Amino acid sequence: MIDTIAARLDEAAVTRTALAQFGADAGLDVATAYQVQDALVARRVGRGEAVVGVKLGLTSRAKMTQMGVDEVIWGRLTDAMHICDGGTVDLSGHIHPKVEPEVAFLVEGGAIAAVAPAVELIDSRYRDFRFTLAEVIADNTSASGFVVGPWQPVPDNVDNLGVLLEVDGRVAQVGSTAAILGDPRRALPEAARLAGELRDGWVLLAGAATAAVPLTPGAHVRVTVEQLGTVSLRASA
Ligand code: 0L1
Ligand code: MG
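Here the structure is a predicted model, which means the values were calculated and not measured.

J.: Talk me through the site of ligand 1; I want residue IDs and the actual numbers.
T.: Near ligand 1 the following residues occur: Lys55, Gly57, Leu58, Lys63, Glu100, Glu120, Ile122, Phe129, Phe131, Val136, Thr141 and Ser142. Lys55 is positioned with one of its side-chain polar atoms (N or O) 2.8 Å from an oxygen atom of ligand 1. Within the side chain of Glu100, a nitrogen or oxygen atom sits 2.9 Å from an oxygen atom of ligand 1. Among the secondary structure elements, those contributing two or more residues to the shell around ligand 1 are β1 (51–57) and β6 (111–122). Looking at the shell around ligand 1 residue by residue, the class counts come to 5 nonpolar, 3 polar and 4 charged.

Written as structure tokens, this is what we have:
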């Protein structure tokens, strides 16, 4: 059952075709869903991708309430998901992507070595972005892409920095890093607890500071985090 669900999620991603939810008959609970995620990521690694970090999801009270949970979830980032700062993301490689403003940490020696503004591209493999908690965990927590801005030392007040998400020069979302677990630095112990191992050089996406917005053809997305600077990407036409 684990391999079958992983194969279907993988095929949905590769063929850019949204899936129906698996439903209660699939018997997918949270523990089994993480096993599906393991198998799904193993398929990507088998095709030559390397795991380069981890992401946390459902890190804001708003998203937890929406899903009816009080636990964060986690997924893996691979090198194939990386988009250069200022780069263009090929929309034909995605189903119905959304972008959300995040904070990224660079991990060294089990500690935070640097911080950067970041954009996460989420793209559920389920139709209409509708899923249960277990289903989204199995789907590698909707991970699809990430952009990291310039790395820098972590300022003391990283727990309450203003965050702006602009699309084509217009303000799309405004928030604060406080929305990320109350303090994004909490992502490190959470990720270490959940993932078990954080390797040197890995990127840790701490979570979203605002709701996600759909990424439309040709859109230019810019995220600014107070004191941390700016990161951007463009969607293909
Ligand atoms: O990164 C996230 O917080 C997304 C987690 C999965 C839920 C979603 O796709 O919105
Ligand atoms: Mg996210």
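After that view, the rundown keeps rolling.
J.: Give me the lowdown on the coordination of the magnesium ion (ligand 2), citing residues and values where you can.
T.: Coordination sphere of the magnesium ion (ligand 2), protein contribution only: Glu100 (OE), Glu102 (OE) and Glu120 (OE), at 2.0 Å. The sequence motif formed by the donor residues of the magnesium ion (ligand 2) is E-x1-E-x17-E. Taken together, the residues Glu100 in strand β5 (residues 98–108) and Glu120 in strand β6 connect sequence positions 20 residues apart. Taking relative accessible area as the criterion, Glu120 reaches 0% and is therefore assigned buried.

J.: Residue-level account of the side chain of Gln37, with values.
T.: Here Gln37 lies in helix α2 (residues 30–46). Given the relative accessible area of 0%, Gln37 is considered buried. There is a polar contact of 2.7 Å between the side chain of Gln37 and the side chain of Arg76. Each residue touching Gln37, except ones within four places of it in the same chain, is listed here: Trp74, Gly75, Arg76, Ile137, Ala138, Asn140 and Thr141.

J.: So, the pairing of strand β8 (residues 162–167): which residues are in play, and what are the values?
T.: Note that β8 and strand β9 (residues 170–176) share 6 bridges and pair antiparallel. Following the sheet pairing, Val167 is matched in β9 by Arg170. Between β8 and β9, which pair antiparallel in sequence order, lie 2 residues; one of them, Asp168, sits at a positive phi of approximately 50°. The pairing of β8 with strand β12 (residues 220–225) spans 5 bridges and is classified as antiparallel.

J.: Summarise the UniProt feature "domain: Fumarylacetoacetase-like C-terminal" (unreviewed entry) in the protein chain; cite the residues concerned and give the values.
T.: Taking the UniProt record as the reference, the feature "domain: Fumarylacetoacetase-like C-terminal" (unreviewed entry) is found at residues 126–231. Taken end to end, residues 126–231 is 14% helix and 34% strand, and its two terminal C-alpha atoms sit 28 Å from one another.

J.: How would you summarise the nonpolar core if you had to cite specific residues and measurements?
T.: Among the nonpolar cores identified, the biggest contains 65 residues, and Leu9, Val99, Leu204, Leu215 and Leu233 are the most heavily contacted of them. Setting aside chain neighbours within four positions, we find Leu215 in contact with Val89, Leu91, Pro97, Lys98, Val99, Leu121, Val221, Leu233 and Ala235. The next biggest cluster of nonpolar side chains, apart from the first, holds 10 residues, and it includes Met81, Ala116, Ala143 and Phe146.

J.: Can you break down the packing of aromatic side chains residue by residue, with the values?
T.: Under the defined criterion, the tally for this structure stands at 4 aromatic pairs. Taking 6.3 Å as the distance between ring centres and 55° as the angle between the ring planes, the aromatic pair formed by Tyr126 and Phe131 counts as tilted. The pair Tyr126 / Phe131 is uniform in exposure class, with both members buried. Between Phe129 and Phe131, the ring centres sit 6.5 Å apart and the planes meet at 55°, which makes this aromatic pair tilted. Since its relative accessible area comes to 17%, Phe129 is described here as buried. Each residue in the set Phe22, Tyr126, Phe129 and Phe131 is aromatic and connected to the rest through ring pairs, giving one cluster.

Quick notes on the rules
Positions within a chain are numbered from 1, following the residues in the order the chain's sequence is written. Here every chain gets a letter starting at A, and every ligand a number starting at 1, in the order they are written. Side-chain atom pairs in this predicted model are given and counted only at pLDDT of 80 or more, local residue features only at pLDDT of at least 70, and totals for whole chains, interfaces and linings cover all residues. Hydrogens and water molecules were not included; the side-chain quantities draw on all heavy atoms of the structure. We call a residue near a given molecule or strand whenever any one of its heavy atoms falls within 4 Å of it. In protein, a polar contact means a hydrogen-donor-capable atom and an acceptor-capable atom, both N or O and within 3.5 Å, with residues adjacent in sequence counting only if both atoms are side-chain atoms; elsewhere, any N or O pair within 3.5 Å suffices. The secondary structure listing takes helices from DSSP runs of H or I that are at least 4 residues long and strands from runs of E that are at least 2 residues long, numbered from the N terminus. The nonpolar class holds Ala, Val, Leu, Ile, Met, Phe, Trp, Tyr, Cys and Pro. Asp, Glu, Lys and Arg form the charged class, and all remaining residues, Gly among them, are polar. Donor atoms are limited to N, O and S found within 2.8 Å of the metal ion, a distance that becomes 3.2 Å for Na, K and Ca. With water left out, some sites might look partial. Whether a residue is buried, partly exposed or exposed follows from its accessible area with a 1.4 Å probe, protein chains only, as a fraction of its type maximum: under 20%, in between, or over 50%, in that order. Contact definition: two residues touch when any of their heavy atoms are within 4.5 Å. Strands are treated as partners if at least two bridges between them are detected by DSSP. UniProt positions are given in the numbering used here, feature names are shortened, and annotations may be inferred rather than shown by experiment. What we call a nonpolar core is a set of buried Ala, Val, Leu, Ile, Met, Phe, Trp, Tyr and Cys residues that are connected through their side-chain atoms within 4.5 Å. Aromatic contacts are taken between Phe, Tyr and Trp rings whose centres are within 6.5 Å, Trp giving its six-membered ring; a plane angle under 30 degrees counts as stacked, one over 60 as edge-to-face, and the others as tilted.

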